[in-house]
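Coordinate analysis (summary)
So the chains spell out like this:
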Amino acid sequence: MLVLVAPGQGSQTPGFLTEWLELPGAADRVAAWSDAIGLDLAHYGTKADADEIRDTAVAQPLLVAAGLLSASALGDIGPGAVAGHSVGEITAAALAGVLDDTAALSLVRKRGLAMADAAAITETGMAALLGGDPEVTVPHLEKLGLTPANINGAGQIVAAGTMEQIAALEADKPEGVRRVVPLKVAGAFHTHHMGPAVETLAEAARALAPADPKVAYVSNKDGKAVASGAEVLERLVGQVANPVRWDLCMGTFQELGVTALLELCPGGTLTGLAKRALPGVKTLALKTPADLDAARELIAEHAA
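Structure report, in brief. The structure presented is a predicted model; accordingly, all values stated were derived computationally and were not measured.

The rules behind these values
Residues numbered from 1 in each chain as written. Predicted model: local features only at pLDDT ≥ 70, side-chain atom pairs only at ≥ 80, totals over all residues. Heavy atoms only, no water. Helix = DSSP H or I, 4+ residues; strand = E, 2+ residues; numbered from the N terminus. Rg over C-alpha atoms; globule rule 2.2 N^0.38 Å. Contact = heavy atoms within 4.5 Å. Lys, Arg positive; Asp, Glu negative; His and termini not counted. Charge placed at Lys NZ, Arg CZ, Asp CG, Glu CD. Pairing = 2+ DSSP bridges. Axes fitted to C-alpha atoms, helices over the stretch in contact; angles between N-to-C directions. 1 Å grid on protein atoms, 1.4 Å probe; cavity = no way out; pocket = protein on both sides within 12 Å on 5 of 7 lines; lining within 4 Å. Points joined across faces, edges and corners; volume = space filled by probe spheres on them. Nonpolar A, V, L, I, M, F, W, Y, C, P; charged D, E, K, R; others polar. Buried < 20%, exposed > 50% of the residue type's maximum accessible area, 1.4 Å probe, protein only. Phe/Tyr/Trp six-rings, centres within 6.5 Å; stacked < 30°, edge-to-face > 60°.

1. A short note on the overall build of the protein
Within the protein, the regular secondary structure consists of 13 helices and 10 strands. On C-alpha atoms alone, the protein measures out to a radius of gyration of 18 Å, which is about the 19 Å that the 2.2 N^0.38 rule sets for 304 residues. Principal axes of the C-alpha set define a box for the protein whose edges measure 50 × 45 × 35 Å. Across the protein, every contact between residues at least 6 apart in sequence was considered, and the portion connecting residues at least 24 apart equals 74%. Placing the 22 positive and 35 negative side-chain charges of the protein at their respective mean positions leaves the two points 3 Å apart.

This is how it looks when you write it as structure tokens:
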């Protein structure tokens with residue numbers, strides 16, 4: 001059984017779309033998406049520097065476009081389940097048939113703008129904690145006023161809060177944590193700091209007509225597979241200000257009988273977690289079109 005996953009913010013790098021746009025029809029497709037959402041995705045995916053694509057309002061639609069573009073290059077995939085990490089959930093919703101591509105990109109454009117506005121209210125950030133026991137780490141974060149915004153499993157938790165709180169964490173690591181790594185994101189996502197973005201996103205969602213997912217859609221909220229398109233959309237809205245439980249998503253993959261996990265462009269982060277948390281499961285990350293043949297072999301072996 002194949003699980004198809006889409007990465008979240010922070011996985012983008014300068015120029016990462018360049019080779020993908022050389023595939024037949026890719027440039028035209030991205031140009032149409034750019035026109036639809038008022039953002040030059042090709043420019044940001046090929047010529048923009050790291051600071052430009054760190055901007056939440058740019059990074060989020062760019063990542064969804066990359067995921068959809070790389071999935072389309074694979075043709076008929078036939079996964080047993082789909083999931084995305086944070087903004088990758090919108091990519092997953094499109095792959096599951098809940099939203100069409102244009103609706104997904106329109107929604108993520110509004111999400112990115114709303115979250116950027118919320119992040120501008122207070123200077124906030126996120127940092128990954130490597131190692132440690134969640135039962136020790138989570139209370140320590142809460143003592144410092146931080147939120148465990150991503151509980152990723154495989155010994156990784158991402159803390160979020162003000163920059164002063166992040167600095168305090170670096171000076172006072174929880175017992176067992178080896179490193180605290182600041183992330184290249186522009187705000188404390190999946191915390192109460194994103195509260196102002198929730199209503200904006202809810203209003204945008206009310207204009208959409210979601211379909212029920214055609215494959216199992218595994219939600220960041222609690223790792224459960226969601227069968228209703230309306231509920232998928234409702235969870236996408238609320239998830240902006242609530243923690244990502246990727247550990248529970250991977251637990252559900254195991255329960256579903258996963259044998260292979262394929263991560264869409266710009267892949268790497270989620271396959272790294274899967275290698276540690278899902279022993280015996282084959283993993284592959286789509287980084288460039290050079291990975292497509294290996295991905296098609298994985299699909300042929302493991303997809304339904």
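Here the narrative resumes, following the displayed structure.
2. Observations concerning the sheet that holds strand E4 (residues 147-153)
If you walk across this open sheet you meet the four strands as E4-E5-E3-E6, and the pairing is antiparallel. Of all the strands in the sheet, just E4 and strand E6 (177-182) have a single pairing partner and so form its edges. Looking at each pair of strands side by side, their axes are set apart by 25° on average, direction ignored. Note that strand E3 (residues 124-131) and E6 share five bridges and pair antiparallel. The partner of Gly131 across the bridge, within E6, is Val177.

3. Notes on the layout of surface pockets
In this model, the largest pocket occupies a volume close to 630 Å³. Residue assignment for the lining of the largest pocket shows that the elements contributing at least two residues are helix H3 (50-54), E3, E4, strand E5 (156-162), E6 and helix H12 (269-277). Split by residue class, the lining of the largest pocket holds 15 nonpolar, 13 polar and three charged. In this structure, the second largest pocket occupies an estimated 170 Å³ of space. Lining the second largest pocket, in full, are Leu4, Ala71, Gly75, Asp76, Ile77, Gly78, Pro79, Val82, Leu95, Ala96, Lys214 and Val215. Tallied by class, residues from the lining of the second largest pocket come to eight nonpolar, two polar and two charged.

4. Description of unusual backbone geometry
In this chain, Cys265 is followed by Pro266 through a cis amide linkage whose omega measures -5°. Position of Pro266 among the secondary structure elements: in the loop between strand E9 (260-263) and H12. We note that Ser86 has phi near 60°; this positive angle belongs to a residue other than glycine. Looking at the secondary structure, you find Ser86 in the loop between strand E2 (81-84) and helix H5 (88-95). By relative accessible area, Ser86 is classed as buried at 12%. Positioned with a positive phi, His190 is a non-glycine residue whose angle comes to about 60°. Structurally, His190 is set in the loop between E6 and helix H9 (195-206).

5. Some details on the sheet that holds strand E10 (residues 282-285)
The strand order across the open sheet formed by six strands is E8-E7-E2-E1-E9-E10, and the pairing between neighbours is mixed. Edge positions in the open sheet fall to strand E8 (225-226) and E10, since each of these has one partner strand only. Taken together, the four bridges between strand E1 (residues 2-6) and E2 define a ladder with parallel strand orientation. Residue pairing for E2: Val5 is matched across the bridge by Ala83. Seen against the sheet, H5 touches E1, E2 and strand E7 (216-218) and runs at an angle of roughly 155° to E2.

6. A few points about the packing of aromatic side chains
Summed over the entire model, instances satisfying the criterion amount to one aromatic pair. Pairing Trp246 with Phe253 gives two aromatic rings, centres 5.8 Å apart and planes at 80°, and the pair type is edge-to-face. In this structure Trp246 comes out as buried when scored by relative accessible area, which is 1%.

7. So, the environment of Thr283
Following the sequence through the fold, Thr283 ends up in strand E10. Looking at Thr283, the relative accessible area reads 21%, which means it is partly exposed. Between the C-alpha atoms of Thr283 and Asp172, which are 111 residues apart in sequence, the distance is 35 Å. Excluding residues within four positions of it along the chain, Thr283 makes contact with Leu261, Thr271, Ala274 and Lys275.

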